[in-house]
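Fold and contact review
So you can see what is in the structure, the chains are spelled out below.
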Amino acid sequence: MRERRLSAGWSQDELAERSGVSARSISALEAGGRRPRMSSVVRLAGALGLDPETRAHWLAAAREPDARQVAEPEGVDRADGADGVGRPARTDAPGAVPGGGPAVSPVGTTAPTAPAAPTGPQQLPMAIRHFTGRTRELQLLDDLLTDVTPGCGAVVISAIAGTAGVGKTTLAVHFAHRVADRFPDGQLFANLRGFDPARAPVDAADVARGFLEALGVPALRVPADPDGQLALLRSRLAGTRTLIVLDNVREAEQVRPLLPGSNTCLVVVTSRNRLPGLVALDGAVPLALDVLSPAEARELLARRLGAATVAEQQEAADELTELCARLPLALNIAAARAAEHPGTPLELWARELRDSRARLDLLSAGDSHADVRVVLSWSYRALTPRAARLFRLLGLHPGPSVSTAAAASLAGRPLPETRALLDELHRAHLITAPERDRYTFHDLLRAYAAEQAAALEPPQGQAAATLRMLDHYLHTAHRAASLAYADDVSWQSLDLAEPATGVAAEELADRQEALDWYREEQPVLERIVDAAHRTGADVHAWRLVGAQVPYLLKSGLWQQWQRASETALAAAERTGDLGHQAHAHRWLGQVHRSQGRQPEAQRELRLALGLFEALGDRPREGRTRLDLAIAHGEEHCDAEAVAESRRALELFEAIGDPSGQALALNSIGWYLAQQGELREALPHCRRALELARDAGNLPGQSSIWDSIGFIHHRLGEYHEALPAYDESLRLRVAVGDYFLQADIHTHLGDTHLALGDVESARAAWVRSLAILEDLQHRDADAVRARLNRCPPAPQPPRSA
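Conventions adopted
- Residues numbered from 1 in each chain as written.
- Predicted model: local features only at pLDDT ≥ 70, side-chain atom pairs only at ≥ 80, totals over all residues.
- Heavy atoms only, no water.
- Axes fitted to C-alpha atoms, helices over the stretch in contact; angles between N-to-C directions.
- Helix = DSSP H or I, 4+ residues; strand = E, 2+ residues; numbered from the N terminus.
- Parallel < 35°, antiparallel > 145°, perpendicular 65-115°, else oblique.
- Left-handed = near helix turned anticlockwise from the far one by under 90°.
- Contact = heavy atoms within 4.5 Å.
- Nonpolar A, V, L, I, M, F, W, Y, C, P; charged D, E, K, R; others polar.
- Expected span 1.5 Å × (residues − 1).
- Buried < 20%, exposed > 50% of the residue type's maximum accessible area, 1.4 Å probe, protein only.
- Arc of directions from axis to C-beta.
- Polar contact = N/O pair within 3.5 Å; in protein donor to acceptor, adjacent residues only side chain to side chain.
- Phe/Tyr/Trp six-rings, centres within 6.5 Å; stacked < 30°, edge-to-face > 60°.

Topic: the packing of helix 33 (residues 658-674) against helix 35 (residues 698-714)
Relative to each other, helix 33 and helix 35 sit at 20°, their axes nearing to 10 Å. Between helix 33 and helix 35, the angle is such that the two are roughly parallel. Relative to helix 35, the crossing made by helix 33 is left-handed. Of the residues in helix 35, those touching helix 33 at A662, N666, G669, W670, A673 and Q674 are S703, I704, S707, F710, I711 and R714. Its residues assigned to classes, the contact of helix 33 with helix 35 comprises six nonpolar, five polar and one charged.

This is the structure:
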């Protein structure tokens with residue numbers, strides 16, 4: 001070891017710094033008087049850049065028995081203690097980790113335990129297969145698992161800080177996967193986008209809502225105010241053994257509200273800033289992450305390009321790592337480019353970097369963001385012109401992912417050509433493909449693509465590409481809504497102009513494909529709406545929301561529905577379109593009503609009603625009155641609900657709207673039944689059914705059959721109630737209204753129980769509960785209570 005160290009020109013202190021093994025231990029080992037831990041040998045071998053044969057020889061020598069060590073007391077480490085030599089192993093809490101899990105063994109291994117079946121969220125991103133080095137940092141992170149002060153109760157926090165592209169997230173995720181089994185209550189992960197060049201940092205309350213959803217908290221149980229959401233998250237985490245990774249944090253204030261108050265959790269924070277406030281006030285353990293050591297950088301190249309290739313061209317490989325500043329992101333991209341041409345000498349890749357004056361200037365400046373840009377420009381310039389243009393235009397897309405069809409519209413190119421260009425970008429590691437036909441960007445890659453678009457695409461070209469992107473999502477969403485909700489009065493077809501030239505809206509064949517598209521693109525649609533409003537395309541923003549409302553309503557996505565409606569209202573107010581404002585107020589009223597905020601619902605619905613009245617839009621005026629009736633009903637003000645429904649009926653009769661009349665008559669019948677006026681209610685519902693049949697309104701017929709079944713049930717006419725409910729359910733399934741199927745299953749269960757059929761009642765409630773839990777709807781608790789109260793099914797008599 002001494003010979004290797006001296007040949008490298010390092011002092012013992014320098015080797016200690018590079019390996020993470022104390023200088024005192026190195027001195028003792030070179031003197032031959034101490035036996036090292038295997039982990040120390042691994043670190044020293046890596047720092048010294050040993051070839052595989054020498055490394056294996058060292059490890060074998062370290063395993064040989066030693067009479068002196070046999071005589072040592074068990075638990076004493078003779079080579080690598082806290083002060084370098086002879087630290088006794090901790091015996092006071094052998095296995096102490098947050099939450100009482102077993103201790104972690106030396107870096108790279110874990111103490112053998114029986115794997116626990118996961119019971120909580122498993123949100124960690126995929127770990128990197130070719131993770132290299134970071135031995136010292138992993139040891140420091142491992143040490144956190146035993147860094148619990150008895151009786152203190154403080155959560156253990158690690159703050160990983162370092163420059164852009166240095167591998168903070170990679171290290172955090174790698175470590176989290178290694179210790180995930182120590183946290184059986186789950187692993188939570190959030191990217192707080194503290195340095196996203198295109199979007200503002202994520203608010204702590206937004207992260208809390210996502211975590212609460214992952215932890216199974218029903219959406220309607222989540223408080224509306226941010227402080228309540230954060231408090232509920234802390235309550236849910238209290239006493240659990242949960243690992244939380246908060247990535248890309250900008251400042252301590254962004255993450256502090258998310259910290260649990262229990263030392264049974266471990267929080268790992270990554271940031272480009274050092275977060276001194278988190279260290280000083282919250283007890284975070286700082287971990288500064290630097291670029292890779294020369295040996296680690298060489299090993300990374302060897303893993304990507306092959307050990308033989310790097311060993312045979314070591315000088316060129318070393319120059320390549322230095323030209324890439326030993327920055328992991330830069331090295332990985334450089335290695336990927338070289339791997340695409342396995343026969344090309346590494347010297348040629350190094351020469352290409354060396355010959356670029358601008359690149360060398362940036363690389364020598366030590367600016368990490370510039371380092372990444374240089375290597376990205378190297379990969380970018382190697383693209384074909386058409387792929388380079390697509391890469392630039394993808395920088396205009398807000399993310400988080402883009403489909404092949406959307407990329408084709410953005411570029412204005414045919415789908416097969418776009419797919420081939422995306423494959424080229426994927427091979428160049430300029431985009432990633434988390435799933436088939438979907439692509440995404442690293443945040444720096446997105447920033448670089450946007451920069452290239454700003455620099456090389458003329459303003460009119462950027463505007464045209466943005467218009468094609470908005471038209472793609474608008475026309476596809478309109479197609480999806482037309483397929484999924486054509487027979488639903490909640491959907492209002494939009495009067496759309498022809499899409500811009502080059503737009504290839506997705507071809508959706510049927511209702512199921514439409515619903516699948518909505519589910520897949522919903523996170524993208526949120527950002528597209530924001531992007532449209534932010535860039536002044538307010539008509540597109542409003543229409544994009546309008547094309548989503550039926551899906552958001554029937555899927556129970558209340559938070560997304562509210563945010564989209566608020567953006568639609570802002571867009572409509574900026575354009576001065578009163579009709580669009582009226583619709584947006586109505587959407588907000590509906591979402592407030594669905595979340596139990598009836599005063600807010602009444603306010604928004606009355607604003608919508610006033611605008612519809614002023615505009616002379618009597619059909620929407622009547623439907624808004626029915627929304628108000630439902631809001632009254634939610635507050636058990638059934639007489640007011642009946643009165644509002646009668647006003648709506650008068651409007652629909654005046655304009656000759658049979659579907660509207662059917663809805664109003666059913667609403668009158670339903671709320672009369674709620675008041676106990678069952679015999680008066682039934683004729684209203686039967687008349688409503690005739691009108692809905694004549695109008696071909698299948699969703700309306702389903703709702704009316706549900707009302708008829710309910711009235712028969714309340715009258716004790718259970719055998720008449722069952723077929724009404726069955727017909728209601730058949731129609732609801734036919735039109736694909738997933739949400740309201742739960743109500744009908746609940747009512748069927750009630751009627752089966754009244755008839756003494758406990759088994760059928762339980763089966764119906766189980767189906768209802770499955771839907772409500774899937775949607776995280778507030779009514780799930782009531783159905784769960786029915787199941788808990790339900791008597792067991794009678795057992796058949798035993799034979800003698």
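Describing helix 38 (residues 758-775)
The end-to-end C-alpha distance of helix 38 is 26 Å, a good match for the 26 Å that 18 residues give at a rise of 1.5 Å each. V758, A761, A764, W765, S768, L769, I771, L772 and L775 are the residues of helix 38 that are buried. One side of helix 38 holds all its buried residues, which, seen down the axis, span an arc of 165°. Of the exposed residues in helix 38, the ones pointing more than 90 degrees away from its buried face are E759 and D774. Residues of helix 38 that are buried make contact with helix 27 (549-555), helix 37 (738-754) and helix 39 (780-789). Downstream of helix 38 by a residue or two, Q776 has a phi angle that is positive, lying close to 55°.

Points about helix 31 (residues 618-634)
With 17 residues, helix 31 extends 24 Å from end C-alpha to end C-alpha; this agrees with the ideal 24 Å at 1.5 Å per step. The backbone nitrogen of R620 has a side-chain oxygen 3.2 Å away, supplied by the residue at the start of helix 31, namely D617. Trailing helix 31 by a residue or two, H636 shows a phi angle of about 60°, which is positive.

Quick word on the packing of aromatic side chains
Per the counting criterion, the structure on display carries six aromatic pairs. Aromatic pair W670 and F710: ring centres 4.7 Å apart, planes at 40°, arrangement tilted. Remark: F710 occurs in helix 35 and W670 occurs in helix 33; sequence separation between them is 40 residues. By relative accessible area, W670 is classed as partly exposed at 22%. By the ring-pair criterion, three or more aromatic residues cluster together here, those being Y485, W517, Y518 and Y551.

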